[in-house]
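Understanding the architecture of this molecule
Residue-level listing of the chains:
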Amino acid sequence: MWGFPDTPTMLPRLVALLWNERTRRPRLPWRIALGFVVLAVVTLSVEALVRLVVPVPIESVLALVTPGYPRERVVSALRGTVVIVGGAGVMVAGAYLAGRFVDRRWFRDFGLRLDREWWVDLLAGLALGTVLMTGVFLVELAAGWVVVLDTFRIAQSGFAFWPWFGWSLVIYVAVGVSEEVLFRGYLLTNLAEGLTWFDRVGPRGAVALATLVTSVLFGVAHAGNPGASAASTLGVTLGAVMLAAGYVLTGRLALPVGLHVTWNFVQGTVYGFPVSGTTHGLSVLAIEQSGPRVVTGGAFGPEAGLVGVAAAAAGLGLTVGWVRWREGRVRIDTSVAAPELRHTGGGEE
């Protein structure tokens, strides 16, 4: 005879699916879902606040601070900057709030323990991105696929080069920091910890699987960029593995942040390549590119070609070499999968 489930028995099971009593927080899928809800709420709140607090027309302000410049172009550039830099700030703030109130983590658990080693790794990452993109440029130059037409190019007439060079640096710093905090710091950390629930996986296996999953997500997130293709998605995914290596081998987000910033900045603003299908219209070198797209990446940029894949492989190897030189060994840092939770940890954030 059919009967209804025993409600007093089912309720604890349902709660257990949603809530981890031991760590006193939602389980992995719900943590990530709630994290993105927090991110959406922060984004909408910031947009509303900006509209409320900044009623003065942007054009009027720019007329005072940028006399002589084409006002409509400055307004367009400023709006783009607000969108990118503001969006990056919102992503970092969202990760902080989700970590604090949903994950019950210290913000440093996302690879942001800013000690001396962190800053040394950051400098190494900045140098590594510069070296890798310089290598890409020199290879294509030697092969005859790149011709330098001019220097200090800026597409918009009437603009000084160096102020907008600095503007481009700000943009790429914002993008590099926010994407690393979101994809490597927040998502990879949460997935790695959640995957340790499976006994056969283990902490190192969990970190490796989380690296693979978040790298694929990173590639897919760029699939809508101009000039994107299956090759570019694969190339960006491999680049994400390179970026993740610096985090999972050290437990610090510094190396991938530095590498991400200069990989993009040197690629686009110094050597004039497209960056994931986009260009800001200014670069130290104005180039004309040719050669087979399968190698150079064409209009999407080096990540969509074999030269970008080779650079990512070299970056992965150099990251491993850096970690071995700095720490004397190379292995996955299992603290990525077992961060210090608030209710068990102490000290100041």
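This write-up is about the structure you can find in this document. (Residues numbered from 1 in each chain as written. Predicted model: local features only at pLDDT ≥ 70, side-chain atom pairs only at ≥ 80, totals over all residues. Heavy atoms only, no water.)

1. Quick notes on the overall build of the protein chain
To keep things clear, this is the line we draw: Secondary structure elements are defined from DSSP: runs of H or I of at least 4 residues count as helices, runs of E of at least 2 residues count as strands, and each element is numbered from the N terminus. A simple rule labels every residue: compare its accessible area, found with a 1.4 Å probe on the protein chains alone, to the largest value its type can have, and call it buried under 20%, exposed over 50%, or partly exposed in between. Contact between two residues is taken to exist if any of their heavy atoms lie within 4.5 Å; hydrogens are not considered. With residues, only the protein chains shown are counted as cover, and all accessible areas are computed by Shrake-Rupley using a 1.4 Å probe.
Scanning the protein chain for helices and strands turns up 11 helices and 4 strands. When burial is assessed residue by residue, the protein chain has 44% of its 349 residues classed as buried. Here the contacts in the protein chain between residues at least 6 apart in sequence split such that 75% fall between residues at least 24 apart. Carbon and sulfur atoms form 69% of the exposed surface of the protein chain, whose accessible area is close to 17,700 Å².

2. Describing the packing of aromatic side chains
Heads up, the condition is: For this analysis, a ring pair means two rings from Phe, Tyr or Trp (six-membered ring only for Trp) whose centres lie within 6.5 Å, classed as stacked if their planes differ by under 30 degrees, edge-to-face if by over 60, and tilted for the remaining angles.
All chains considered together, the criterion is met by 16 aromatic pairs. Centroid distance Phe137 to Phe273: 6.5 Å. Interplanar angle 70°. Geometry classified as edge-to-face. Separated by 136 residues along the polypeptide, Phe137 in helix H5 (residues 116-142) and Phe273 in the loop between helix H9 (254-270) and strand S4 (282-289) bring together distant segments of the chain. Each member of the pair, Phe137 as well as Phe273, carries the same accessibility label: buried. Taking 5.5 Å as the distance between ring centres and 70° as the angle between the ring planes, the aromatic pair formed by Trp164 and Trp167 counts as edge-to-face. Remark: Trp167 and Trp164 occur in helix H6 (residues 161-195); sequence separation between them is 3 residues, near one turn of the helix. Accessibility assignment for this pair places Trp164 and Trp167 in one class, buried. Of the aromatic side chains, those joined through ring pairs into one cluster are Phe152, Phe161, Trp162, Phe165, Tyr172 and Phe265.

3. Looking at empty space enclosed by the protein
Formally: Any residue with an atom within 4 Å of a point lines the site, the site being either a cavity, points on a 1 Å grid over the protein atoms alone where a 1.4 Å probe fits but cannot get out, or a pocket, an open set with protein on both sides within 12 Å along at least 5 of 7 lines. Grid points are joined across faces, edges and corners, and a volume is the space filled by probe spheres set on the points. Classification convention: Asp, Glu, Lys, Arg as charged; Ala, Val, Leu, Ile, Met, Phe, Trp, Tyr, Cys, Pro as nonpolar; all other residues, Gly among them, as polar.
Counted under the stated rule, the structure contains 2 cavities of 30 Å³ or more. Its boundaries defined by the atoms lining it, the second largest cavity holds a volume of some 40 Å³. What lines the second largest cavity is simply Tyr172, Gly268, Thr269, Phe273, Thr279, His280 and Leu282. Its residues assigned to classes, the lining of the second largest cavity comprises 3 nonpolar, 4 polar and no charged.

4. Here we look at the side chain of Gln267
With respect to the secondary-structure elements, Gln267 resides in helix H9. Residue contacts for Gln267: discarding those within four places in its chain leaves Met133, Thr262, Gly272, Phe273, Pro274, Val275, Gly301, Pro302 and Glu303.

5. Quick notes on the packing of H5 against helix H11 (residues 306-327)
Think of two packed helices as two axes; the pair is described by the angle between the axes and how far apart they sit. Short version of the rule: Angles shown run from 0 to 180 degrees and are taken between the N-to-C directions of axes, each axis being a line fitted to C-alpha atoms and, for helices, limited to the stretch in contact. Working definition: roughly parallel below 35 degrees, roughly antiparallel above 145 degrees, roughly perpendicular at 65 to 115 degrees, and oblique for all remaining angles. Left-handed describes a crossing whose near helix is turned anticlockwise from the far helix through less than a right angle; right-handed describes the clockwise counterpart.
Taken N-terminus to C-terminus, the directions of H5 and H11 make an angle of 150°; their axes are 10 Å apart at the nearest point. Judged by the inter-axis angle, H5 sits roughly antiparallel to H11. For the pair H5 and H11, the crossing hand works out as right-handed. Counting all contacts with H5, which are made through Glu117, Val120, Asp121, Ala124, Leu128, Leu132, Val136, Val139 and Glu140, the residues of H11 involved are Val307, Ala311, Ala314, Gly315, Leu318, Thr319, Trp322 and Arg326. Residue composition of the contact of H5 with H11, by class: 11 nonpolar, 2 polar and 4 charged.

6. Brief notes about the environment of Gly258
Examined against the element boundaries, Gly258 turns out to sit in helix H9. With relative accessibility at 0%, the residue Gly258 sits in the buried group. Between the C-alpha atoms of Gly258 and Val173, which are 85 residues apart in sequence, the distance is 8.6 Å. In contact with Gly258, not counting residues within four places along its chain, are Leu122, Gly125 and Leu126.

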